[in-house]
Amino acid sequence: MKVKNRDSKIGWNMLIVLLVLWGLFTVIPVIWSFGLTVFSYRGNEAKFVGLGNYINILSDQLFLKSFGNTLFYLIIQVPIMLLLAMVIAALLNNSSLKGRGIYRTIIFLPCVTSLITYSVLFKIMLAPDGIVNKVLMSLSIISEPTNWLGDPFWAKIVVIFALIWRWTGYNMIFYLAAMQNIPGEVYEAATVDGASKLRQFFSITIPLMKPIIIFTSITSTIGTLQLFDETMVLTKGGPGDATITLSQLVYKNLFEYSPNQGYASTIAVFIVIAAVLLALLQFKITKEETNEN
């Protein structure tokens, strides 16, 4: 009995420590960020502006541009990445495929590759005298070198490609694990009933993977709304703010422009609200589809 009481006491102590740390490093910073949004906070001088910051972002052209860019990445990159991850997972789930472990490792490798390493690699490959231009010119696809990172349109495409290249393997692991947990008897019964492999995939695999699909959709959406690393390292938001994202705008308002912690916090709060609303929308759509089925 004494051992049980001691273990229980240790458990409660650990829980208290975790709650304290969570409060110090999560709850308090979040509350503090919300509090900053009602101030114009420059250096040590704070001026109460009420909802002024929220009103200002609606007429801020740079904010609208960064929001549009973030939505562009979200709408284009996330569906392509998730669909590609699903297809790759389905191929690797084939037990007759040799070297599945090697393929899985190669596809997952970009997820654990240093951001700086692969960004430098992309910059070298996409330079005007890089291998990409040389290959395309040798195939007569282009007649002269393209400045991929210096063109507003192509810079966005490069960012999307970099995101897909880096995070497809991450989502593939979830899908592959979900597929391998589906009982084989279900597929055997479907085969006896005459269902083709394609029919089994859409009628059995996809419905049983719905919780994982919802999870990866939400996490990918939130991750894209917080996109910072790829655009910062590859393009620094350029050329001419063509690739700037909301998270980059927060950074710039804190460290590059005339620093205003209140305005930066307002943009950060907007990102949080947008992420929550999109997550709730995805849950609602999925719940309605489940009820219909």
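This structure is a prediction, so every number in the text was calculated from the model and none was measured.

Quick notes on the rules
- Residues numbered from 1 in each chain as written.
- Predicted model: local features only at pLDDT ≥ 70, side-chain atom pairs only at ≥ 80, totals over all residues.
- Heavy atoms only, no water.
- Helix = DSSP H or I, 4+ residues; strand = E, 2+ residues; numbered from the N terminus.
- Rg over C-alpha atoms; globule rule 2.2 N^0.38 Å.
- Buried < 20%, exposed > 50% of the residue type's maximum accessible area, 1.4 Å probe, protein only.
- Contact = heavy atoms within 4.5 Å.
- Areas by Shrake-Rupley, 256 points an atom, 1.4 Å probe, with all protein chains shown as cover.
- Lys, Arg positive; Asp, Glu negative; His and termini not counted.
- Charge placed at Lys NZ, Arg CZ, Asp CG, Glu CD.
- 1 Å grid on protein atoms, 1.4 Å probe; cavity = no way out; pocket = protein on both sides within 12 Å on 5 of 7 lines; lining within 4 Å.
- Points joined across faces, edges and corners; volume = space filled by probe spheres on them.
- Phe/Tyr/Trp six-rings, centres within 6.5 Å; stacked < 30°, edge-to-face > 60°.
- Lys NZ or Arg CZ within 6 Å of the ring centre and 35° of its normal.

Student: Account for the overall build of the chain, naming residues and giving values.
Tutor: Tallying secondary structure elements over the chain gives 13 helices and two strands in all. Here the C-alpha radius of gyration of the chain, 24 Å, is well above what a compact globule of 293 residues would show, namely 19 Å. Projected onto its principal axes, the C-alpha positions of the chain cover 80 × 75 × 40 Å. Looking at the chain as a whole, 35% of its 293 residues are labelled buried. Sequence separation of 24 or more characterises 67% of the internal contacts of the chain that already satisfy a separation of 6 or more. For the chain, the exposed surface amounts to about 17700 Å²; the carbon and sulfur share of it is 69%. Averaging the positions of the 21 positive and the 16 negative side-chain charges in the chain gives two centres separated by 9 Å.

Student: Talk me through the layout of surface pockets; I want residue IDs and the actual numbers.
Tutor: Here the largest pocket defines a volume of roughly 570 Å³. Contributing to the lining of the largest pocket are 18 residues, with Ala90, Asn93, Asn94, Tyr187 and Lys197 lying nearest its centre. Breaking the lining of the largest pocket down by element, the ones donating at least two residues are helix 3 (61–92), helix 7 (152–180), helix 8 (184–192) and helix 9 (197–208).

Student: Requested: an account of the packing of aromatic side chains, with residues and values cited.
Tutor: Counted by the stated rule, this structure contains 14 aromatic pairs. Pairing phenylalanine 63 with phenylalanine 270 gives two aromatic rings, centres 5.1 Å apart and planes at 80°, and the pair type is edge-to-face. One end of the pair, phenylalanine 63, is in helix 3; the other, phenylalanine 270, is in helix 13 (residues 261–292), and 207 residues separate them in sequence. According to the relative accessible area criterion, phenylalanine 63 is buried, its value standing at 2%. Relative to phenylalanine 202, the ring of phenylalanine 201 lies with its centre 5.4 Å away and its plane at 85°, an arrangement referred to as edge-to-face. Assessed through its relative accessible area of 21%, phenylalanine 201 is described here as partly exposed. By relative accessible area, phenylalanine 202 is classed as exposed at 53%. A cation over an aromatic ring shows up here: lysine 156 above the ring of phenylalanine 72, its NZ or CZ 5.4 Å from the ring centre.

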